[in-house]
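Read off the chains here:
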Amino acid sequence: MIAHLRYVLVLLALALPSLQAQEAWSTYRGNSQRTGCTDGKPGPVKPEVLWVEKSAEHFIAAPVPVGDRLYASSLSGFNVPTIYLFDVNPQAKKRTLWTKSAPVLKLPTVSSPAVSDGKLIFGDGMHQTDGALLHCVNADTGRSLWSLTVPGELVHLEGSPTIVNGKVYLGGGAAGVICVDSNRVSLEGKELTPAEIQKLLDKKWAELVAKYEEAKRKKDEFAVPPTEDMLPKPSPLRLWAQGEKKWHVDAPVAVAGDRVIVCSAFLDKEKVGDRALFSLEAATGKIQWRTPLPFNPWGGPAIKGDLIAIGGSSIGYDVNVLKGAKGDVAVYDLQTGKQKWRKTVPGGLLASVAIAGDAVLATASDGKVRAFELASGDRRWIYEGKTPFFAPVAVAGDVVYAADLKGAIHAIGLTDGQFKWKIDLGEHPQVKSPGMIYGGPIVHGGRLYVATCNLAGTYLNGPTAVVCIGDK
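Report on the accompanying structure. The structure displayed is predicted, hence computed values, not measured ones.

Quick notes on the rules
Residues numbered from 1 in each chain as written. Predicted model: local features only at pLDDT ≥ 70, side-chain atom pairs only at ≥ 80, totals over all residues. Heavy atoms only, no water. Pairing = 2+ DSSP bridges. Helix = DSSP H or I, 4+ residues; strand = E, 2+ residues; numbered from the N terminus. Axes fitted to C-alpha atoms, helices over the stretch in contact; angles between N-to-C directions. Expected span 1.5 Å × (residues − 1). Contact = heavy atoms within 4.5 Å. Phe/Tyr/Trp six-rings, centres within 6.5 Å; stacked < 30°, edge-to-face > 60°. Lys NZ or Arg CZ within 6 Å of the ring centre and 35° of its normal.

## Some details on the pairing of strand β30 (residues 419-424)
Here comes step 1: Here strand β29 (residues 408-413) runs beside β30; their pairing, made up of 5 bridges, is antiparallel. Pairing of Ala408 across the sheet is with Asp424, part of β30.
Here comes step 2: Here β29 hands over to β30 after 5 residues, with Gly417 in that stretch at a positive phi of 75°.

As structure tokens, then:
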């Protein structure tokens, strides 16, 4: 009996990593269902704008909560990247807790970060740039901990990472899919623990500050304040890569047990990539199955149980080519990659779909939000938003929140698709900043957060905003 019990305990110990619940916000949209809400708290019922952070920069990625704070990334008109950590308290005397920009950040950041173990991990680069960096910073201070250089033509880290048990999985454009170990970091060929890296960087920073202060004391006219770019550059251990120069992975990946689910696109202009859905072995990157796709899956996969839901689009994120766009919603078997059902849509589905309960929720460039039965694909309802959508929905409680390309946020009943309320950020007296919403809303602590950009369209280079909406 005792021997049998020991055997069972050993099996449980071996299986534990795959059975552990994924940490909230350690993947795109907070969880594998891509609901944009992880705490189970319903969103605002009688919405009010609680605070606004106005800007001249473009917020392409959705903001991400970090405890009682909010991370957001932006780029300026000259593609200068900046990341922010905001205090979300409506009465906060200081809204911005820290920022990080050039020279530490060299390329635009257009993806939401993954949050794990007190660290923010995010990639940089966009389609107009080649080569990228994967960054890891301390969530409290913004201080850089490590970075990974990913070189190559058409290489960019546009999709959010997914972190499971310290392993970071992400797409890299033409670099395919990359896996690194965030807890195994080396500097000048020597592997150090995260605590050792932190201690080393803190010591070096203190030395740089002391040297600067001494130079100022001596009235050295060439004294330059230190920047993090002067610190040593630790790198994480790269475990494996798959699909390099064969795929084009801009979408966030998802991890389900021992599988990594990957959406790869084909670039029509460059004639490169592979328009397909893949399952990879999480430990090695080995391909388990491949399923071809009719449209590019820019939003990446959503997963619930043994089902994968994705949206597809005939167009990219371009407001000038909306006419005639086509797309689809489809569900596949996690184990085999076989299609369960597929529904075509007269509009492009650029965002990830969300799975809430037994419903698949999808926004489209034709200005509609659709709900389908997860098991059968039967249409549950259609909501007419009347303005194109590029952004994914958020789901909290029994409400679906969708944000359109004119900066309006729509609250829709999850069960029936009925209108509940709408806030237009362009007309709201506290905001008055019409802007496109690409990254989608999120809901955290009962409040809704959204960020806007004006990269094209009617309000090109107009003012933007990060907005908090809640019940007073």
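## Thoughts on the sheet that holds strand β2 (residues 64-66)
Here comes step 1: The antiparallel open sheet is built from 4 strands, whose spatial order is β2-β3-β4-β5. In this open sheet, the two edge strands, each paired with only one partner strand, are β2 and β5 (96-101). This sheet shows a mean twist of 25° between the axes of neighbouring strands, independent of strand direction.
Here comes step 2: Here β2 runs beside strand β3 (residues 69-75); their pairing, made up of 3 bridges, is antiparallel. Of the residues in β3, the one forming a bridge with Val64 is Tyr71.

## Thoughts on helix α2 (residues 194-217)
Think of an α-helix as 3.6 residues a turn; residues three or four steps apart then line up on the same face.
Here comes step 1: With 24 residues, α2 should reach 34 Å at 1.5 Å per residue; the first-to-last C-alpha distance of 34 Å fits that figure.
Here comes step 2: The inward-facing, buried residues of α2 abut β8 (132-138), β9 (144-150), β12 (177-187) and β13 (190-192).
Here comes step 3: Just downstream of α2, Lys219 is the residue with a positive phi angle, here 60°.

## A look at the packing of aromatic side chains
The description of an aromatic ring pair rests on the distance of the ring centres and on the angle between the ring planes.
Here comes step 1: For the coordinates displayed, the defined rule picks out 12 aromatic pairs.
Here comes step 2: Taking 6.1 Å as the distance between ring centres and 45° as the angle between the ring planes, the aromatic pair formed by Phe59 and Tyr84 counts as tilted. Placement of the pair is Phe59 in the loop between β1 (48-55) and β2 and Tyr84 in strand β4 (residues 81-87), with a sequence separation of 25 residues.
Here comes step 3: Taken together, the aromatic side chains of Trp51, Phe59, Tyr84, Phe86 and Tyr449 make up a single cluster linked through ring pairs.
Here comes step 4: A cation over an aromatic ring shows up here: Arg95 above the ring of Trp51, its NZ or CZ 4.2 Å from the ring centre.

## Quick look at the sheet that holds strand β15 (residues 254-256)
Strand pairing in a sheet relies on backbone hydrogen bonds. The paired strands run either parallel or antiparallel.
Here comes step 1: If you walk across this open sheet you meet the 4 strands as β15-β16-β17-β18, and the pairing is antiparallel. Sheet topology places β15 and β18 (287-292) at the edges, where each strand pairs with a single neighbour. Strand-to-strand, the axes of this sheet are offset by a mean angle of 25°, without reference to chain direction.
Here comes step 2: The pairing of β15 with strand β16 (residues 259-267) spans 3 bridges and is antiparallel. Note that in β16 the partner of Ala256 across the bridge is Arg259.

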